[in-house]
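Chain by chain, the residues:
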Amino acid sequence: MTDTELTAAASGTFALGGDLTVNRLGFGSMQLPGPGVWGESRDPEGAVRVLQRAVELGVNFIDTADSYGPVVAEQLIKKALHPYRDDLVIATKAGLTRQGPNIWTPVGRPAYLRQQAELSLRNLGLETIDLFQLHRIDPEVPLEDQVGELAALQSEGKIRHIGLSEVSVAEVEAAQKVATIVSVQNLYNVANRQSEELLDWSTAHGIGFIPWFPLATGTLSQPGGPLAELAARTGATPSQLALAWLLKRSPVMLPIPGTSSIEHLEDNIAGASVTLSDEDFEAISAAV
């Protein structure tokens, strides 16, 4: 494929909050820091090239978090892409602290969330964060206090829109009483659909659904599995088919596959151009 054919724009668009239009296939930066999402990237210059290539290929929605590294991913995004294109939407998160590789501890005290928002503004080189997400609800802090602090930051112009991560329908509905929630980000992929209820609710309410870990295909891509069979028939890779399935599943779906490899990035972007028939979509859906 040429760059004209290889484009995230083929995934269609979605308007976050009704006013931030993005190509639905985005990029997640979680894989850019070191092992365990901890420490510096093994190849910082390579990470910069991947980010730049993603934008070249039409990605205009990048998801990150203060805890990726921590701060490593945000600073790589700034190094690679600042000053930002006008149409580039950067989403970040706060609410998980780090004590080592693969260790994540929720902290949702309002003062902490405010501090992290201010640091993200600095690390990303922004005056306003387009989408600021509560990375996890802290069970030790009232939800209205956590979301209320994000609403205060929004009223001050430091964040534009508010999102939540790893939540239930009931939690989103409770948060909606405090602030307008424009997106949710939960674990969801072809092989793991535990957030199906939230996805259906988000679709009905026009709220962006950002599936993290979107490419986990499990046994579906093993020899004889439905993704492997479909890949052999269509010439698309199992990962491309998994992304095509997500994009067809709901118009509010915003997959953010991440990688530190340009080769894998280009393979993922090609998934935006794969169109599943209704029959193939149902066959993949029924396989789990």
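Residues numbered from 1 in each chain as written. Predicted model: local features only at pLDDT ≥ 70, side-chain atom pairs only at ≥ 80, totals over all residues. Heavy atoms only, no water.

The protein is annotated in an unreviewed UniProt entry as Aldo/keto reductase from Gryllotalpicola koreensis.

Asker: Help me out: how do you make sense of the pattern of salt bridges in this one?
Answerer: A side chain of one charge can pair with a side chain of the opposite charge when the charged atoms of the two come close. All told, the structure shown has 14 salt bridges when counted by the stated rule. Two residues, glutamate 156 and arginine 114, come together in a salt bridge whose shortest N-O distance is 2.9 Å. With glutamate 156 in the loop between helix H4 (143-155) and strand S9 (159-165) and arginine 114 in helix H3 (residues 110-124), this residue pair connects regions lying 42 residues apart in the sequence. The exposure class of glutamate 156 is partly exposed, given its relative accessible area of 42%. (Salt bridge = Lys/Arg side-chain N within 4 Å of Asp/Glu carboxyl O. Helix = DSSP H or I, 4+ residues; strand = E, 2+ residues; numbered from the N terminus. Buried < 20%, exposed > 50% of the residue type's maximum accessible area, 1.4 Å probe, protein only.)

Asker: Looking at this structure, how should I read the packing of helix H2 (residues 72-81) against H3?
Answerer: Axes are the key here: two packed helices are described by the angle between their axes and the distance separating the axes. Close contact between H2 and H3 brings their axes to 8 Å; oriented N to C, the two are set at 35°. Between H2 and H3, the residues in contact are Glu74, Gln75, Ile77 and Lys78 and Ser120, Arg122, Asn123 and Leu124, respectively. Broken down by class, the residue content of the contact of H2 with H3 amounts to two nonpolar, three polar and three charged. (Axes fitted to C-alpha atoms, helices over the stretch in contact; angles between N-to-C directions. Contact = heavy atoms within 4.5 Å. Nonpolar A, V, L, I, M, F, W, Y, C, P; charged D, E, K, R; others polar.)

Asker: Help me understand the side chain of threonine 7 in this model?
Answerer: With respect to the helices, strands and loops of the structure, threonine 7 is situated in the segment before strand S1 (13-16). The class for threonine 7 is buried, based on a relative accessible area of 18%. Within the structure, the side chain of threonine 7 is placed 3.0 Å from the backbone nitrogen of alanine 9, a separation counted as a polar contact. Contacts of threonine 7, omitting those with residues within four sequence positions, involve Leu57, Gly58, Ile269 and Ala272. (Polar contact = N/O pair within 3.5 Å; in protein donor to acceptor, adjacent residues only side chain to side chain.)

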